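Structure assessment
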Amino acid sequence: MHSLAEFRTQSEILGVLADGPYGRELSELRDGSSPIETERAVRLGFARGVKTLISSSQGSTRDFLLEFSRRFDAYDLAAIVVFKAQGKSWEEFASTRQPLALLKEAELHRLYSIDDLRTIVGIVGDRALVNRLKSFSMEDLAGEKASLVRDIITGWGEERFYNYVNDKLGGFDRESCLPIAGGTVDLANLTIILRSKLIGIPTVREHLIPSSWKLDDRTIDQLLVAQDVTQALDLASSHPYYHSILSGARQKYEETKSLSFLEVASRKHASHISKRIFLGFPYTLGVVLAFLVVKENEARNLAAIVAGVGAGMKPDQIRSLVAIPE
């Protein structure tokens, strides 16, 4: 992965990847393809692999794979809201839609024709999500506020999967899946808290996911009363469970003035946990989830590298976008 960042053109990378699992989709790209086209091609390759697993599975494994795929409906919903707030066309959104999402194109097109945020969210989401977004309107979504709404919606999608794992699975299946699903929810809540502090929103708690894994109520309360983003990052990086992935978080934020490093940190954490699950015994649905997490992370890493090279970014800049556990 890191060596791919040294290539100078997209065509060189596409040549190297031509015989791999993403070759079919990447072969349709040309040198100079836009980052959106590149990301879409890689996502299609990942989706093709997951759909093959779904079609060849049955029983509890099939149900599990469908629940995993349902997460992507929230990502499509978040993209619809952000794209509409930015005044972008349906065609622009359609080029970014998630190929694994279960919502049909006709359903998405109908959503895109609606201008009211509450109505859009109410059709796809539930009462809990509507309540978390009740203080926002489409007209005032810009900059960090649009990013916050995106984080709340995608966090809701991850929460649904976490609740499925926590409530519907049992035994070793539940035990092996919870570290991944729970860690994702915890870091989603951390992102919502930090983003709210950037904007200066006082009622942060009403936007949070009520579920949690290792971030208990006491830790959440401490994060909520932190004076600013840097103090909250200091508190988070001292957490016994998340210290290893959040160490140096304050420095990264101060250098970039962005929270994008958290997304990479979350993916690194999930990939690290996944590799530990691979070594476990007996075989469980956690192994299936670990495989999906590693493959999804691989796809997102490839998309970032190919797009970064195409945009003329320096290798070190590209590597900062890649989530590879140490």
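See the structure printed just above.
I will try to describe carefully the structure that is included in this document. (Residues numbered from 1 in each chain as written. Predicted model: local features only at pLDDT ≥ 70, side-chain atom pairs only at ≥ 80, totals over all residues. Heavy atoms only, no water.)

Topic: the environment of A101
Where we set the bar: Secondary structure is summarised from DSSP: a helix means a run of H or I of at least four residues, a strand means a run of E of at least two, and numbering begins at the N terminus for each. A simple rule labels every residue: compare its accessible area, found with a 1.4 Å probe on the protein chains alone, to the largest value its type can have, and call it buried under 20%, exposed over 50%, or partly exposed in between. Pairs of residues are marked as contacts when any of their non-hydrogen atoms sit within 4.5 Å.
By the element assignment, A101 lies in the loop between α5 (90-94) and α6 (105-112). On the basis of relative accessibility, which here comes to 11%, the residue A101 falls in the buried class. For the pair A101 and I123, spaced 22 residues apart in sequence, the C-alpha to C-alpha distance is 15 Å. Setting aside chain neighbours within four positions, we find A101 in contact with S69, F72, D73 and D76.

A word on helix α1 (residues 10-17)
An α-helical turn contains 3.6 residues, so a residue and the one three or four places further along point in the same direction. Note the threshold: Summarising the geometry, the arc corresponds to the directions from the helix axis toward the C-beta atoms.
If you check which residues of α1 are buried, you get Q10, I13, L14 and L17. Along the axis of α1, the buried residues cluster in a sector spanning 100 degrees; they form a single face.

Observations concerning a nonpolar patch on the surface
To be explicit about the condition: In this analysis, a patch consists of residues with relative accessible area above 30% that form no salt bridge, clustered at 9 Å for like charges and at 5 Å for the nonpolar side chains Val, Leu, Ile, Met, Phe, Trp and Tyr. Method for areas: the Shrake-Rupley scheme with a 1.4 Å probe, in which residue coverage is limited to the protein chains shown. Here, a salt bridge means any side-chain nitrogen of Lys or Arg that lies within 4 Å of a carboxyl oxygen of Asp or Glu.
Together, L53, F278, L279 and F291 make up an exposed nonpolar region whose accessible area comes to about 400 Å². Along the chain, L53 turns up in helix α3 (residues 35-55).

Overview of the pattern of salt bridges
Scanning the model with the defined rule gives 19 salt bridges in all. Put simply, R132 and E159 hold a salt bridge, and the shortest N to O gap is 2.9 Å. Here R132, found in helix α8 (residues 127-132), pairs with E159, found in helix α9 (residues 143-168); they are 27 residues apart in sequence, far enough to count as distant. The same class applies to R132 as to E159, namely buried. With its nearest N and O atoms 2.4 Å apart, the salt bridge here joins R205 to D221. Of this pair, R205 sits in the loop between α10 (171-199) and α11 (217-225) while D221 sits in helix α11, and the two are 16 residues apart along the sequence. A cluster of three or more residues bridged by salt bridges with shared partners is formed by E144, R150, D151 and R195.

Description of the packing of aromatic side chains
Cut-off, in case you're wondering: Ring geometry is summarised as follows: Phe, Tyr and Trp rings, the Trp one being its six-membered ring, pair when their centres sit within 6.5 Å, and such pairs are stacked at plane angles under 30 degrees, edge-to-face over 60 and tilted between the two. We call a charge positioned above a ring when the Lys NZ or Arg CZ atom is no farther than 6 Å from the ring centre and deviates by at most 35 degrees from the ring normal.
For the structure on display, the rule yields 11 aromatic pairs. Centroid distance F161 to Y164: 6.5 Å. Interplanar angle 25 degrees. Geometry classified as stacked. Note that F161 and Y164 are positioned in helix α9 at a spacing of 3 residues, about one turn of the helix. Site record: aromatic cluster; members linked through ring pairs are F64, F68, F72, Y75, F161 and Y164. Over the ring of F68 we find R71, and its NZ or CZ is 4.6 Å from the ring centre. Above the ring of W213, the side-chain terminus of K214 is found at 4.8 Å from the ring centroid.

Overview of the nonpolar core
Just so we agree on the cut-off: To form a nonpolar core, buried Ala, Val, Leu, Ile, Met, Phe, Trp, Tyr and Cys residues must be joined to one another through side-chain atoms within 4.5 Å.
Grouped together as the largest cluster of nonpolar side chains are 55 residues, with contacts concentrated most on F136 and I153. Per element, the largest residue contribution to this core is 7 residues, and it comes from helix α4 (residues 59-85). For I153, the residues in contact, after removing those within four places along its chain, are A74, L77, A78, V81, L129 and L133. Ranked by size, the runner-up nonpolar core spans 50 residues in total, among them V42, F64, A101 and L289.

Considering the packing of α4 against α9
Short version of the rule: As a rule, the C-alpha atoms of each element are fitted with a line to give its axis, helices using only the stretch in contact, and angles between N-to-C directions run from 0 to 180 degrees. Here the word oblique covers every angle except those under 35 degrees (roughly parallel), over 145 (roughly antiparallel) and from 65 to 115 (roughly perpendicular).
α9 packs onto α4 with a crossing angle of 170 degrees between their chain directions and a minimal axis gap of 9 Å. One way to sum up the angle between α4 and α9 is to call them roughly antiparallel.

Digging into the side chain of K295
Let me state the cut-off plainly: Counting of polar contacts relies on pairs of N or O atoms within 3.5 Å, with two restrictions inside protein: one atom must be capable of donating a hydrogen and the other of accepting it, and residues adjacent in sequence are counted only when both atoms are side-chain atoms.
Looking at where K295 falls in the secondary structure, it is placed in helix α16 (residues 285-310). Separated by 2.8 Å, the side chains of K295 and E298 make a polar contact. If we ignore the near neighbours within four places in the chain, the residues touching K295 are P21, Y22 and F46.

By themselves, these figures tell us nothing about what the structure is for.
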